[in-house]
Amino acid sequence: MTVRHWTMQLPTLSDADWEAYAAAVAGAGELAATAERAARVEWASTEGRAGRATPAGMAEPAAMAEPAAMAEPAATAAPAGMAEPSVTAAPTTTAAPAGMAEPTTTAALTGMAEPTDAAEPSVIAEPTTTAAPTTTAAPAGMAEPSVTAAPTTTAAPAGMAEPTAAAEPAVRGARAGRSDPAAEEVARWSARQRRLAALRVHDDAVRSNGPPSPIPAVAVTLLARHGIDWSRTDLAWALHRLAAERGLEDGGAHRLPAVIAAALDPAALHGLGPVLQALMEAVKDSRFPAAVRKELARLLGVGVARAARSPVPPHLLHAGDAFGPQTRAALADVLAAPGVPQLLLHAASLSRPVPSTAWTRAAAPHLAAAGDAARAILERYTTFDGPVHDDTDGLLRGLTCVLGLDPAPEATALIARVAAAGAATARRSPGHPYAPRAAAAAVELLADRGGEVAAGALARLAGTVRNKVLHARVEAALSRVEAAGFRIEPIVDDHGLPGDGRRTWTLDGCTAVVEIEEGRARLRFERDGTPLKAAPGGFKDSAALAEVRDVVKRLGTTLAEERHRIEALLATDRDWAHAEWVAGYLEHPVTGAYGRRLIWQESTDGETWITGLPTRRDGTWILTGPDNTTAETATTRNATAADHTATRNPTTGSATADHTATRNPTTRNAAKDHTATPNAAAADHNATVGMRRFRLWHPVLAEAGEVVAWRDHLTATGLRQPFKQAFRERYRLTPAEEQTRTYSNRFAAHILRYRQAGALMRTRGWRAAQLGPWSGGDESEAAKELGGWRVSFFHETADDPDSPAYDVEFCATDQVRFARRDGTGWQVAPLPEVPARVFSEAMRDVDLFVGVTSVATDELWADGGEDRFHAYRVRTGTGALTPAAEVRRDALARVLPKLRIAGRCELGDRFLMVRGTRGAYRIHLGSGNILMAPDDTYLCVVAKRGAAAQVWLPFDDDPMLSTIISKAMLLAADDAITDPMILRQLERRQ
């Protein structure tokens, strides 16, 4: 690495200075040789205990790497240059120089991973008095430079306490039960002798053209640890010599200038800040091993901060992201408080999500001295929406672990918010958390703390995290919390909304209203109850308007997460006590917007379930049936795990994906018991009110008559559910699946647009290896956990093998399999043993992948030559309906009579027929493809983005239904079409 770009800024050394340093270095050969012998013993001893033999400067061990997916090392040791454990005894005759913290292990100093039990840094405190230079004369022939005769005092600037030297035995090898004569000799030297040895070691490192070596860095650190008095001219000479380095990639020649910069006081560093800043940036961009790079940046950062008399080192909260400068500006007074710089340095030194005992012990005084600063920085981060630099992520991780020493409930709540903020992602990059290191540390802390708040936060993360490694950590943390006996229920932010879900701000007589409407966050303005079209003048460019818009944005995110979480509950048998159900799903300002529009079930024995919509009567919540009577009149039986008997579709006569539940003779059939029950039942129900449990209703567990009744009710009342529930597809075992036993081919042999399919899989929580032209890249398995089961969807590349393209364009679908947990692994299970909810929800996801991303639904399909998939497109684009399309047909049958085009439409088994002025058309209910009479010529009509039909629909999560209705309205008035592409197709047909 070259540093010549900043050497022009260095202060000039006189000829006399150069001569003096040359003479001093030339005469210090024996001293340097002794120091290097001691360094070799120390390094060998450390490497022996670590079980490693990789020399410094080489490629860093795999255990130190943190990949893009943020898999943290299981046990990464303390960063280089940190303090030694307090159990080691300090030599009484030598004092450490200011700014020099002792390395825990030499391996860390030289880029090596440390042993897992290595000590973490101790508290960074004010320096002790530096030992005065002795009067020992220089060895013969070693002229002492006049510029170093009066060493500078290394006092810390205001608010910037210097790191102290930690206690260290004279011979590190003593830890291994042996002594080292060289180390003992170094310990007896004067500060002047150690200084001369360090200068010679540095000069030799600059001149070296051999292989990378850890010894120079270890030797400099060993010498400085015993006490050296540095001067400004020493730093200038070391930097000048560094400019002549031969470009070794071990960082050894950078150790001395970094050590000196961290030891000098602000006066001695005056004017050198830009030079040190440039060197620090060059180090951060270098190829040095990560631990070496991090420690050099820390030491140089201390020097830059002192030179600028800044309380915060420049390598922390820097301009590498927006959060750093914003925090420096907003919390300037907080960051300048005593003890805060030491807190930040200690926090940044943490290199793993679970700190060691030594690091934690050393963090306690920092929490006591500057805990408010840690809380302020973390609170500010929880409101920051965006990615942060790796340095900032590491700092946040350490601050979170410092806060973890606070047992207060408020600390737990803040840690939970840090976990959520760190795990958040951009919409287009759901697998890349904003701050993965901080999120991982927060997750570990929440698991250790336990309690309802921690359990709730982890439960929420389990449903929102898309990063594979972080999600696995969250799942493991949830298992630990559940094992401790805590019930997992997510905590949902209400964003300040009261019970009615309507929050207001008033300014200059105008009111801004944030409310939830149809499951979406809305912002509107009004004056004296009269709606306004836009923000009034008093609100424009005001801080209040910025706050309002931030609330709308965050509320929208929470609503999307809650919708996804509640829908995922359909795959589980999760139930709640009455009080939990009411507080969490009906009266919560956010979740209640969904819960009150869903169908629920109630039971007092876990076997017999009554079904209804939540209705508030006489101050309490009850369930009412489709006919608005109390839900005691509508009951259903409880499904078992083996509710898999194939049924026949009464409409098509074909086998459908239906799980008909095995009837429990002790329970009632919903279709038969849809009449009033004796009043005694209500009395018994009231007697067991404390035993009432509630769960979400799933149509796969209901009889066909009950499903029809609920669909009729939604259509008659105009109630729109947040997602398909009454109109939800039901997938039950087919005879073919009963024969295959362990796998389903129901959705095999489809051709999907791979990029869109992969994105949809990730959105739905499936994880799969990427397809591509590499070994093993021709096939993949998408997997998802549902209700304690693992579902696998196999797919493979379908691209032309002769295609030169690198990215996969198409994939072919294959089997779907289910597995149950078997210890730490998974065991493939027979399909009849899969719970009905799990089977139906898994197959619904796969049907969604096929229905949305199949090439048969691509309006603009063009293969650029021979259409390899023509037969598939014809077969699928006009073929039999899938369960999703069957539900679409049912919904359309209920909606169509209310449309103004009803007289021009006729609904068939697979098509919606539309009569226009120019001709007649058929719209396939599965693909949305249009065929023109009389010869079924294909008509390409591309729906505009967001141009959905403005009609009432019982659900809003089927874009194809809206597209079909929009096309029908267009074709019914085909004489008014002006689109030239459509007109050309119509004219050709005529």
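About the thresholds
- Residues numbered from 1 in each chain as written.
- Predicted model: local features only at pLDDT ≥ 70, side-chain atom pairs only at ≥ 80, totals over all residues.
- Heavy atoms only, no water.
- Buried < 20%, exposed > 50% of the residue type's maximum accessible area, 1.4 Å probe, protein only.
- Helix = DSSP H or I, 4+ residues; strand = E, 2+ residues; numbered from the N terminus.
- Contact = heavy atoms within 4.5 Å.
- Pairing = 2+ DSSP bridges.
- Axes fitted to C-alpha atoms, helices over the stretch in contact; angles between N-to-C directions.
- Left-handed = near helix turned anticlockwise from the far one by under 90°.
- Nonpolar A, V, L, I, M, F, W, Y, C, P; charged D, E, K, R; others polar.
- Salt bridge = Lys/Arg side-chain N within 4 Å of Asp/Glu carboxyl O.
- Core = buried A, V, L, I, M, F, W, Y, C linked by side-chain atoms within 4.5 Å.
- Phe/Tyr/Trp six-rings, centres within 6.5 Å; stacked < 30°, edge-to-face > 60°.
- Lys NZ or Arg CZ within 6 Å of the ring centre and 35° of its normal.
- Expected span 1.5 Å × (residues − 1).

In the annotation of an unreviewed UniProt entry, the entry for the protein reads DUF4132 domain-containing protein, and the organism field reads Dactylosporangium cerinum.

Tell me about helix α7 (residues 232–242), residues and numbers included.
Among the 11 residues that make up α7, nine are buried, leaving the element largely enclosed by the rest of the structure. Along α7, the residues classified as buried are T233, D234, L235, A236, W237, A238, L239, R241 and L242. Contacts made by the buried residues of α7 are with α1 (15–26), α5 (191–207), α8 (255–263) and α9 (273–284).

Explain unusual backbone geometry to me, and be specific about the residues and the numbers.
Cis geometry is found at the peptide bond from A933 to P934, where omega equals 10°. With respect to the secondary-structure elements, P934 resides in the loop between β20 (930–932) and β21 (937–939). Positive phi, close to 55°, is recorded for D528, a residue that is not glycine. Inspection of the secondary structure puts D528 in the loop between β3 (520–527) and β4 (530–532). The exposure class assigned to D528 is exposed, which follows from its relative accessible area of 73%. Here R741, not a glycine, exhibits a phi torsion of approximately 70°, which is positive. Relative to the helices and strands, R741 is located in the loop between α25 (735–740) and β11 (743–744).

Which residues make up the sheet that holds strand β17 (residues 905–907), and what are the values?
With antiparallel pairing, the five strands of this open sheet are ordered in space as β17-β18-β19-β20-β21. If you trace the sheet from one side to the other, it starts and ends with β17 and β21, each paired once. When strand polarity is set aside, the average angle formed by the axes of neighbouring strands in this sheet is 30°. Pairing of strand β19 (residues 920–924) with β20, which is carried by three bridges, proceeds in the antiparallel orientation. Looking across to β20, one finds that Y921 is bridged to M932.

Got a sec to walk through the packing of helix α13 (residues 340–348) against helix α14 (residues 357–382)? Specific residues and values, please.
When two helices pack together, their arrangement is captured by the angle between the axes and the distance separating the axes. The contact between α13 and α14 brings their axes to 8 Å, and the two run at 120°. For α13 against α14, the interelement crossing comes out left-handed. Residues V340, Q342, L343, L344, H346 and A347 of α13 lie in contact with α14, whose contacting residues are W359, A362, A363, H366, A370, A373, A374 and I377. A class-by-class count of the residues in the contact of α13 with α14 yields 11 nonpolar, three polar and no charged.

Residue-level account of the pattern of salt bridges, with values.
Across all of its chains, the model carries 50 salt bridges by this definition. The closest approach of N and O atoms between R554 and D550, which form a salt bridge, is 2.8 Å. Separated by four residues within a single helix, R554 and D550 lie in helix α20 (residues 543–568), roughly one turn from each other. By relative accessible area, R554 is classed as partly exposed at 35%. The closest approach of N and O atoms between K724 and E729, which form a salt bridge, is 2.7 Å. Side by side, K724 and E729 carry an identical accessibility label, which is buried.

Which residues make up the packing of helix α18 (residues 451–464) against helix α19 (residues 468–483), and what values go with them?
Where α18 contacts α19, the axes come no closer than 9 Å and their chain directions differ by 145°. Considering how the two elements wind past one another, α18 and α19 form a crossing that is left-handed. From α18, A455, L458, A459, L461 and A462 reach across to α19, where they touch H471, V474, E475, A477, L478 and V481. In terms of residue class, the contact of α18 with α19 is made up of nine nonpolar, one polar and one charged.

For the sheet that holds strand β1 (residues 502–507), give the residues involved together with the corresponding values.
Overall, antiparallel pairing links the four strands, which are arranged β1-β2-β3-β4 in an open sheet. Of all the strands in the sheet, the pair left with one neighbour each is β1 and β4. Shown here is a sheet whose adjacent strand axes are inclined to one another by a mean of 35°, direction ignored. Across six bridges, β1 lies against strand β2 (residues 510–517) in antiparallel orientation. Within the sheet, the bridge partner assigned to T504 lies in β2 and is V513.

Go over the nonpolar core with me, naming the residues and quoting the values.
Grouped together as the largest cluster of nonpolar side chains are 127 residues, with contacts concentrated most on W230, L344, Y381 and L399. If we skip the residues at most four places from it in the chain, L399 touches L343, L344, A347, A374, I377 and L378. Residues I599, V887, V895 and V951 belong to the second largest nonpolar core, which totals 43 residues.

How would you summarise the packing of aromatic side chains if you had to cite specific residues and measurements?
Here a ring pair, both rings aromatic, is described through the centre-centre distance and the interplanar angle of the planes. What the rule picks out here adds up to 14 aromatic pairs. Taken together, a centroid distance of 5.7 Å and an interplanar angle of 80° make the contact between W766 and F849 edge-to-face. With a gap of 83 residues between them, W766 in the loop between α26 (754–763) and β13 (779–786) and F849 in helix α27 (residues 836–853) connect regions that are remote in the sequence. Taken individually, W766 and F849 each receive the classification buried, so the pair is uniform in this respect. A ring pair is formed by F818 and F839, whose centres lie 5.5 Å apart and whose planes are at 20°; its orientation type is stacked. Of this pair, F818 sits in strand β15 (residues 810–822) while F839 sits in helix α27, and the two are 21 residues apart along the sequence. Across the pair, F839 and F818 agree in class, each one buried. The rings of W576, W581, Y585, W600 and F694 are connected pair by pair, giving a single aromatic cluster. The ring of F955 has K724 lying over it, and the distance from NZ or CZ to the ring centre is 5.0 Å. The ring of F911 has R922 lying over it, and the distance from NZ or CZ to the ring centre is 4.1 Å.

So what about the environment of V513? Which residues, and what values?
As for its position among the elements, V513 is in strand β2. For the pair V513 and R502, spaced 11 residues apart in the sequence, the C-alpha separation amounts to 6.8 Å. In this structure, V513 is in contact with R502, R503, T504, R522, L523, R524 and E526, ignoring residues within four places of it in sequence.

Tell me what's going on with helix α24 (residues 704–717), and back it up with residues and numbers.
Compared with the 20 Å implied by 1.5 Å per residue over 14 residues, the 20 Å span of α24 between its first and last C-alpha is a close match. Within α24, burial applies to E706, V707, W710, R711, H713, L714 and T715. Of the residues trailing α24, G718 is marked for its positive phi of about 75°.

Tell me about the environment of A268, and please be specific about residues and values.
Looking at the element boundaries, A268 is found in the loop between α8 and α9. On the basis of relative accessibility, which here comes to 7%, the residue A268 falls in the buried class. Taking the C-alpha atoms as reference, A268 lies 9.8 Å from W230; in sequence the two are 38 residues apart.

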